[in-house]
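So you can see what is in the structure, the chains are spelled out below.
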Amino acid sequence: MSTRLATGGRLLNKQKALTFTFNGKQLRGFDGDTLASALLANDQMLVGRSFKYHRPRGLVASGAEEPNGLVNMGAEGTFEPNQRVTTTELFDGLTAQSQNHWPSLDFDVGAINTHLSRFLPAGFYYKMFMHPRPLWKHVYEPFIRQSAGLGCAPKARDADTYEHFHFFCDVMVIGGGVAGLQAAKTAAATGAKVLLVEQSAHWGGRGPVDGGTVDGVPVENYVDQIISELETMPNVTLRKRLMGAGVYDHGYVLGYEQLRDHAPENPGPRHRLWRIRAGHIVTATGAIERPLPFAGNDIPGVMLASAMRDYLVNYGVSTGDRTVVVTNNDDAYLTAFDLKNAGLSVPVILDARVLARDSPAMEQAKALGIRVMMGHAVASVKGTKRVTGVCVCSQAGEGAVLEEIACDAVAMSGGWSPVVHLWSHCGGKLIWDETQAHFRPDVDKAPMGAQGEAFVTAAGAANGALRLADALGDGDQAGKLAAAATGFKVRQTSCPVGDSPEEAPMMPVWLMPQGAGVKLRSKAWLDYQNDVKVSDVQLAAQEGFESVEHAKRYTTLGMATDQGKLSNINGLATLAGALNSTIPQVGTTTFRPPYTPISMGSIAGEARGEVFQPIRRTPMHNWHDAHGAEWEPVGHWRRPYAYVRDGENTHDAVMRETRNARENLGLLDASTLGKLVVKGPDAGKFLDMLYTNMMSTLKPGKCRYGLMCSENGFLIDDGVVARIDEDTFLCHTTTGGAERIHQHMEEWLQTEWWDWQVYVANVTEQYAQVAVVGPNARKALEKLGGMDVSKDALGFMEWADGHLGGFKVRVYRISFSGELSYEIAVDAGQGQAFWDALMVVGHDLGVMPYGTEALHILRAEKGFIMIGDETDGTVIPQDLGLHWAISKKKDDFLGKRAQERSHMTDPERWKLVGLETLSGAVLPDGAYAVGEGENANGQKTMIGRVTSSYHSPNLGKGIAMGLVLHGPDRMGEVLEFPGTEGATYKARIVDPVFYDKDGEKANV
Amino acid sequence: MSEPVTALGGASADNGIATLAEASLQGMISLRGDLTASAVKKAVTSASGAAMPEQGRVTAEGDRALCWMSPDELLLLCPYDAVGETLDRMHKALAKSHALAVNVSDARAMFRVSGARAREVMAKLSPVDLAPDQFTPGMFRRTRLAQVPAAFWMPEEEAFHIICFRSQAQYVFDVLTVAAQPGSSVGVYQE
Amino acid sequence: MLILSCPVCGVTAEETEFQGGGEAHLKRFGPGASEDDFESYLFMRENPREVHFERWRHAYGCGKWFHAARCTTTLEVFGTYAAQTTEPPKDLRDKISEKRPNWTWREFK
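Quick caveat, the model's predicted, so the values are computed rather than measured.

Before going further, it helps to examine the overall build of chain B. Helix and strand counts for chain B stand at four helices and eleven strands. Over its C-alpha atoms chain B spans a radius of gyration of 17 Å, differing by no more than 12% from the 16 Å that the globule rule assigns to 191 residues. Its C-alpha atoms put chain B at 55 × 45 × 30 Å along the principal axes. Here chain B, with 191 residues, has 60% of them falling under the buried criterion. Of the contacts formed within chain B by residues at least 6 apart in sequence, a portion of 60% connects residues at least 24 apart. When the accessible area of chain B is evaluated, it comes to approximately 7,000 Å², of which 49% is carbon and sulfur surface.

Next comes the structure, spelled out in structure tokens:
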């Protein structure tokens, strides 16, 4: 069994005991534990069930590469699935549940799959669920959905907050092991601004566990020493619990900082996503030990040799009492020594190699009295929920059992793979190292930055420099290189010398024993989390999935949340073997960020809840809110859709507001309409190019409605232009169009007509603008007093500056409703006060504010088009019968040439008409009119569609506008519009102006 | 006539790692023109009393300042009540020049973020290097603040002035509040 | 995410401050232009491997348009230059030739 030893545990504070619960069971650990070490200390080796076969699984690793130890953490607003126990620091009160089992971890019904595994080979789902087709939707998919997925989705809203932070440095070092520390120190010595980050809570990486000395000092002390030096340097920033998650173009790095996961009682954000720009990046991300593929290598108790060492040295936890070590290299011997020194039993070291002479490690093992069997291997592991023993065989054979050795743990090592993820994220290439049997960065093919320079350097174990002495020198070199690359002068300094024992060469082992038959191969796991075995990869190759990317997807090798950190190299080697190819020829799959999963909250940062999007508010926003406004989003703006009174529904409110604007007095907050000042000697010429109509002939004091098109000829905006003086125009745009049209103007001024003398300023938000609409509009303004707003003084389509009720105003006599109407602009800071004043004088005149829906109905009654309703980016002014607004005198304007193209002049283009249902009902918005026959795809022929549709309270019936084939020539014809629920609407084609065709109401 | 108000009526917060406050009414005049033309230079320097700012900088004199927005745009800051008179003076001085000067005082909102952690609060929201050796008083930066455009400068160490659109004032104040929340110190800039 | 230097305001900033504006140096064809010329102006675009010339706008900064020469495979930025020109400046073309001999782009090389 696994247990806490009386001594050891360099990272523990044994004075501080912590309580936590796992699957409802209360357990104890110490400050400094990870959840994994604390579980092991409580003999909780079984931590989960595998994804496909529901096999019992225990801890395999001690770090980010752990595939099995995933749990649901927390509850309610802090619940989160798939938390890795090996990287979760223990805190008091932590609660966790294991995943992927039912009804319990110990007894899981789904485990039946492991007995069915013969029938669930690679590609099973692809093959099985192809036919018959209808079963997919109703049977297969629901079944797969139910059985798929790890953990549970959170149900409650995330109670935590998150944030981003932008940081800039010359050199960023990712990884706080000895190579990273040395690289940071060397780079910092040149004066470069250095950021050093470490994903865990501890500096030193594997160094302190694996031992050795630096300049005669134990590694652990050396680490403390270098950290205290770096801490005093003003140009160095050190961060623990900050993972380099991804490396992107031009030196961009995402850093994932876990601020409160280890201390939830602290205030502040939970995670901080660092958005880092580094001149040069050193990836000192270490290496990951590989499992050995032998039968039963997934039985709880089989663990990576280095992980077992970590649990022992860092946390004082023994994985088992009797541990068999199986290896193809010298490094795993360290585990045997540490176990032995802790007083635990190591019955045998099974070493797959046959060497001419003993290495120092072997000699030491023998000196410690450990039995070493060279050329031997594990044939299979015995046990189900826990290792009970191993069957020993020759590595060279097919697995004939020579001996059975009882044990409760197996420490395995298949060699080490550099963590090349960050190097590879942005295009760094790899080379295959035959000696160490791993991929490592190819220094000649580094990721390229903004200047075409290499901007990443790998260092230490991440660069294949696995031994302490090599890693230090490599880190030093990387630090110098990084500093020089960012323009700092590097002085030749001596590098501390690391001392670690000589090692005998490792021997690649891709299958144990090398001649293992199918029975053993189908129990030799490659990918623990996704349940991919040696036999699956071989089957994929046999079935023709020869490309590594295909084999990956067919078998799901490396596609789990651990992204194949343990399994990829073994899988590639298996594939290469099955294809009679070499590993470098097969190549790797693509490494994509993030290195390990990061929280969605950290990606969102502050953008949640109220500030998810920047909502734009007019100066009268709060008044609207207090008076029953239901909001309509228009771009980022919020406009009142309608002001709903007590006892009314929204429809009632819209009808009331629409009627009142025609009968009495309506107020509309029109502040969101864009207002652009266009000034200069060439302003008239410029606007003639931008609008389809002639603007240069407009007289000061007058207004003109204008249309704007893109170079493609399509309508992009409309609005009223007022000429302020000879050189100055004020152009109104649609709501949400201000920035877009401002940019459109600037684009043409800056990139095409840069010699024209025109300046544009966006003054949209300088003004609050109120439309005062209805038969009583003039009376209201006269009650405010201060300027003459009579028909003679201020005619239709004129504007004037003046004062109303003491407010400095600009009054435009324009109408989008067909009523007598004034749009009045005041400084935004007085917008609310002006609105209040209008409400007061309007009290006896029947004043009511109205929202955007009433605005729409009023304009539709008059047949006025709305950009975004009647237009959709494919509509030209000619389609809408707006020929009167297209100048024929001008040689050129944006869109003119396009409107001459054959498709644009095609008489078959759909044209705007009014539509009136025979029943008086409201046509569904967007409904299509169907004609005779079918098109090439066997669909009914479409001959028109509804672009706007409302119930008009003023006319007492449904009115609509639409684009119809030959529409204006078919007045009076009845069209059929199938609705969504079987109903078909019949509507007659009519003139689009439904109300006050002669415009008498506005002309008073 | 009534007293004009700012977008948020003087909102403030000081329970976080920095002090946030909406500034009171601020006069702002946007000038478009050729900043190398002597008539333009003369018009803005005499209207503000401040020296012509270099690219990417702000110059101040008393309660007036000139902010460099682009090679053909300046933002003149002056007391709110002095905008009309200042604008008139500029219009006169620019009568013969191709230039555009408009009052944008009410189109903008202005905030002050201050305290030892002010740089950190800003660096959470803007993609700008705000290390003390990289961004210093006198610099003027137009950039992105979370999801909206903004401009800021440091009137002195440990303080930022931010200008944004009036309609986005509430958003800006709210994101600043999140960025300055208690317990969110980053602790990277040397003090 | 790219870094670009705005030649107008001198700021070097990350891509989120900018807005891409498509291919550079398009010649406008208006009324009177042939169908072919107008079609190529509206729709025909380069899709080069390696050297490319683009329009960008410093959207969150000074608001100005400029041009950038970029490598579409390595994302190297050869340089940025003013929008008010109809062709890439000579010194930039020479610089590109040093790094990518034999490059061509439309009529330029």
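All right, on to helix 8 (residues 305-315) of chain A then. Along helix 8 of chain A, ten of the eleven residues are buried, which leaves the element largely enclosed by surrounding structure. Here helix 8 of chain A has its buried residues at Ala305(A), Ser306(A), Ala307(A), Met308(A), Arg309(A), Asp310(A), Tyr311(A), Leu312(A), Asn314(A) and Tyr315(A).

Time to look at the packing of aromatic side chains. The full count for this structure, using the stated rule, is 30 aromatic pairs over all chains. Between Tyr311(A) and Tyr315(A), the aromatic rings sit 6.2 Å apart at their centres with planes inclined by 40°, giving tilted as the arrangement. Here Tyr311(A) pairs with Tyr315(A), and both are found in helix 8, just four residues apart, close to one helical turn. Judged by its relative accessible area of 1%, Tyr311(A) falls in the buried class. Look at Tyr315(A) and you get buried, because its relative accessible area is 9%. Members of the aromatic cluster, connected to one another through ring pairs, are Phe165(A), Phe167(A), Trp274(A) and Tyr189(B).

Looking now at the domain arrangement of chain B. All names here are of chain B. When its domains are assigned, chain B resolves into domain 1 (12-24 + 107-179) and domain 2 (26-106). The gap between the C-alpha centroids of domain 1 and domain 2 is 23 Å. Tallying the contact residues gives twelve residues for domain 1 and 15 residues for domain 2. When domain 1 packs against domain 2, close to 1,200 Å² is buried across both sides, 58% of that on carbon and sulfur atoms. Contact with domain 2 buries area across many residues of domain 1, yet Arg108, Phe140 and Arg142 alone supply 44% of it, more than any other trio. Summed over the shared surface of domain 1 and domain 2, the number is one salt bridge. Summed over the shared surface of domain 1 and domain 2, the number is seven residue pairs in polar contact (both at pLDDT 80 or more). Sorting the residues of the side of domain 1 that touches domain 2 by element identifies strand 8 (108-114) and strand 9 (140-145) as the ones contributing at least two each. Broken down by class, the residue content of the side of domain 1 that touches domain 2 amounts to seven nonpolar, two polar and three charged.

Contact with chain C, which involves 32 residues of that partner, is made by 34 residues of chain A. Between chain C and chain A lies a buried interface of about 2,700 Å² when both sides are counted; carbon and sulfur atoms form 48% of it. The largest per-residue losses of area from chain C upon contact with chain A belong to Met1(C), Arg28(C) and Pro31(C), which jointly make up 25% of the total buried on that side. On inspection of chain C and its partner chain A, the count reaches five salt bridges. Residues Glu14(C) and Arg275(A) are paired through a salt bridge, measuring 3.8 Å at the closest nitrogen-oxygen approach. Looking at the side of chain C that touches chain A, the elements with two or more residues in it are helix 1 (35-42) and strand 4 (51-57) of chain C. Per-element accounting of the side of chain C that touches chain A gives the leading share, four residues, to helix 1 of chain C. Its residues assigned to classes, the side of chain C that touches chain A shows 14 nonpolar, ten polar and eight charged.

What follows concerns the side chain of Arg639(A). Residues and elements named next belong to chain A. Position of arginine 639 among the secondary structure elements: in strand 35 (residues 637-643). Despite its burial, arginine 639 pairs with no opposite charge, the nearest such side chain being aspartate 669 at 6.2 Å. If sequence neighbours within four positions are ignored, arginine 639 has contacts with Glu630, Trp631, Glu632, Val634, Leu668, Asp669, Ala670, Thr672, Thr735, Thr852 and Leu855.

Next up on the list: the nonpolar core. The biggest cluster of nonpolar side chains holds 94 residues, and the ones touching the most others in it are Leu35(A) and Phe294(A). In contact with Leu35(A), other than residues within four places in its own chain, are Phe20(A), Val71(A), Met73(A), Val85(A), Thr88(A), Leu90(A), Leu94(A) and Ala96(A).

Enumeration according to the criterion identifies 72 salt bridges over all chains in this entry. Measuring nitrogen to oxygen at the nearest pair gives 3.9 Å for the salt bridge that ties Lys533(A) to Asp536(A). Across the pair, exposure class does not vary: Lys533(A) and Asp536(A) are buried alike. When the shortest N-O distance is used, the salt bridge between Glu50(C) and Arg100(C) registers 3.8 Å. Taken together, the residues span a long stretch of sequence, with Glu50(C) in the loop between helix 1 and strand 4 and Arg100(C) in the segment after helix 2 (90-99) at a distance of 50 residues.

Working note: regular strand, side chains alternate between the two faces of the sheet. Residue and element names in this part refer to chain A. By the alternation rule, side chains of strand 8 (residues 94-98) split into Leu94, Ala96 and Ser98, which are all buried, and Thr95 and Gln97, of which none is buried. Inspection of the sheet shows strand 2 (residues 13-22) paired to strand 8 by three bridges, in the parallel sense. In the sheet register, phenylalanine 22 faces strand 8, and the bridge partner there is alanine 96. Pairing geometry for strand 6 (residues 70-73) and strand 8, over three bridges, is antiparallel. Across the sheet, residue valine 71 finds its bridge partner in strand 8, namely serine 98.

Looking now at the interface of chain B and chain A. Chain B puts 53 residues into the contact, and the matching count from chain A is 49 residues. Both faces considered, chain B and chain A share a buried interface measuring about 4,100 Å² in area, 55% of it formed by carbon and sulfur atoms. Counting the contacts that link chain B with chain A gives three salt bridges. For the salt bridge of Lys193(A) with Asp133(B), the shortest nitrogen-to-oxygen distance reads 3.3 Å. Inspection of the region where chain B meets chain A yields 25 residue pairs in polar contact (both at pLDDT 80 or more). Of all the elements in the fold, those that place two or more residues in the side of chain B that touches chain A are strand 7 (100-103), helix 3 (118-125) and helix 4 (169-179) of chain B.

Across a sheet, paired strands are connected by hydrogen bonds in the backbone, their directions being either parallel or antiparallel. Residues and elements named next belong to chain A. In spatial order, the strands read 23-24-25; together these three strands make up an open sheet with antiparallel pairing. Each of the sheet's edge strands pairs with one partner strand only, and the pair in question is strand 23 (376-383) and strand 25 (403-406). Across this sheet, the average inter-strand angle for adjacent strands is 30°, counted without regard to direction. In this structure, strand 23 lies alongside strand 24 (residues 387-394), joined through seven bridges in antiparallel fashion.

What follows deals with the environment of Ile29(B). All names here are of chain B. Along the chain, isoleucine 29 falls in strand 3 (residues 27-32). A relative accessible area of 0% places isoleucine 29 in the buried class. Distance from isoleucine 29 to leucine 74, taken between C-alpha atoms, is 8.2 Å for residues 45 residues apart in sequence. Setting aside residues up to four positions removed in sequence, isoleucine 29 forms contacts with Leu74, Leu75, Leu76, Val83, Thr86, Leu87, Met90, Ala101, Val102 and Val104.

Below, the discussion takes up the sheet that holds strand 2 of chain A. Residue and element names in this part refer to chain A. Sheet architecture is open: five strands sit in the order 3-2-8-6-7, paired in mixed fashion. In this open sheet, the two edge strands, each paired with only one partner strand, are strand 3 (25-31) and strand 7 (80-84). Averaged over neighbouring strand pairs, the angle between their axes works out to 40° when direction is ignored.

Let us look at the confidence of the model for chain B. Counting all residues, the mean pLDDT for chain B is 97, and 98% of those residues have values of 70 or more. Prediction confidence for the complex, expressed as pTM and ipTM, is 0.95 and 0.98 respectively.

Here we come to the packing of helix 23 (residues 777-784) of chain A against helix 24 (residues 831-842) of chain A. Residues and elements named next belong to chain A. Between helix 23 and helix 24, whose axes approach to 9 Å, the crossing angle comes to 110°. Between helix 23 and helix 24, the angle is such that the two are roughly perpendicular. The handedness of the crossing between helix 23 and helix 24 comes out as right-handed. Where helix 23 abuts helix 24, its residues Ala780, Leu781, Lys783 and Leu784 lie against Phe834, Ala837, Leu838 and Val841. The residue makeup of the contact of helix 23 with helix 24, split by class, is seven nonpolar, no polar and one charged.

Calculation criteria
Every chain's residues receive numbers from 1 upward, in the order its sequence appears when written. Each chain gets a letter, beginning with A, and each ligand a number, beginning with 1, in the order they are written. Restriction of local features to residues with pLDDT of at least 70 applies here, the model being predicted, together with a cutoff of 80 or more for giving and counting side-chain atom pairs; totals for whole chains, interfaces and linings are based on all residues. No hydrogens and no water enter the side-chain calculation; it runs on all heavy atoms of the structure. What counts as a helix is a DSSP run of H or I of at least four residues, what counts as a strand is a run of E of at least two, and both are numbered from the N terminus. In this treatment the radius of gyration is a C-alpha quantity, and the globule benchmark scales as 2.2 Å times the residue count to the 0.38 power. Only protein chains enter the area calculation, which uses a 1.4 Å probe; residues under 20% of their type maximum are buried, those over 50% are exposed, and those in between are partly exposed. Pairs of residues are marked as contacts when any of their non-hydrogen atoms sit within 4.5 Å. What sets the accessible areas is the Shrake-Rupley method with a 1.4 Å probe; for residues, cover comes only from the shown protein chains. Centres within 6.5 Å make a pair out of two Phe, Tyr or Trp rings, where for Trp the six-membered ring is used; the pair is then stacked when the planes are under 30 degrees apart, edge-to-face when over 60, and tilted otherwise. For every domain, the bounds stem from an assignment made automatically or drawn from a database. Accessible area that two parts lose when put together, with a 1.4 Å probe and added across both, is what the buried area reports. A pairing counts as a salt bridge when a side-chain nitrogen of Lys or Arg comes within 4 Å of a carboxyl oxygen of Asp or Glu. Side-chain atoms alone can form a polar contact between residues adjacent in sequence; in general such a contact is a pair of N or O atoms within 3.5 Å, and within protein one must be able to donate a hydrogen while the other accepts it. Here the nonpolar group is Ala, Val, Leu, Ile, Met, Phe, Trp, Tyr, Cys and Pro; Asp, Glu, Lys and Arg are the charged ones; every other residue, Gly included, is treated as polar. Positive charge is attributed to Lys and Arg, negative charge to Asp and Glu, and no charge count is given to His or to the chain ends. Remark: nonpolar core denotes a set of buried residues (Ala, Val, Leu, Ile, Met, Phe, Trp, Tyr, Cys) joined through side-chain atoms within 4.5 Å. The pairing criterion for strands is at least two bridges between them, as found by DSSP. A fitted line through C-alpha atoms serves as each axis, taken over the contacting stretch for helices, and the angle formed by two N-to-C directions is quoted from 0 to 180°. The quantity known as pLDDT measures the predictor's confidence residue by residue, on a range of 0 to 100. Our angle categories are set so that under 35 degrees counts as roughly parallel, over 145 as roughly antiparallel, 65 to 115 as roughly perpendicular, and the remainder as oblique. With the far helix as reference, a near helix turned anticlockwise by less than a right angle produces a left-handed crossing, and one turned clockwise produces a right-handed crossing.

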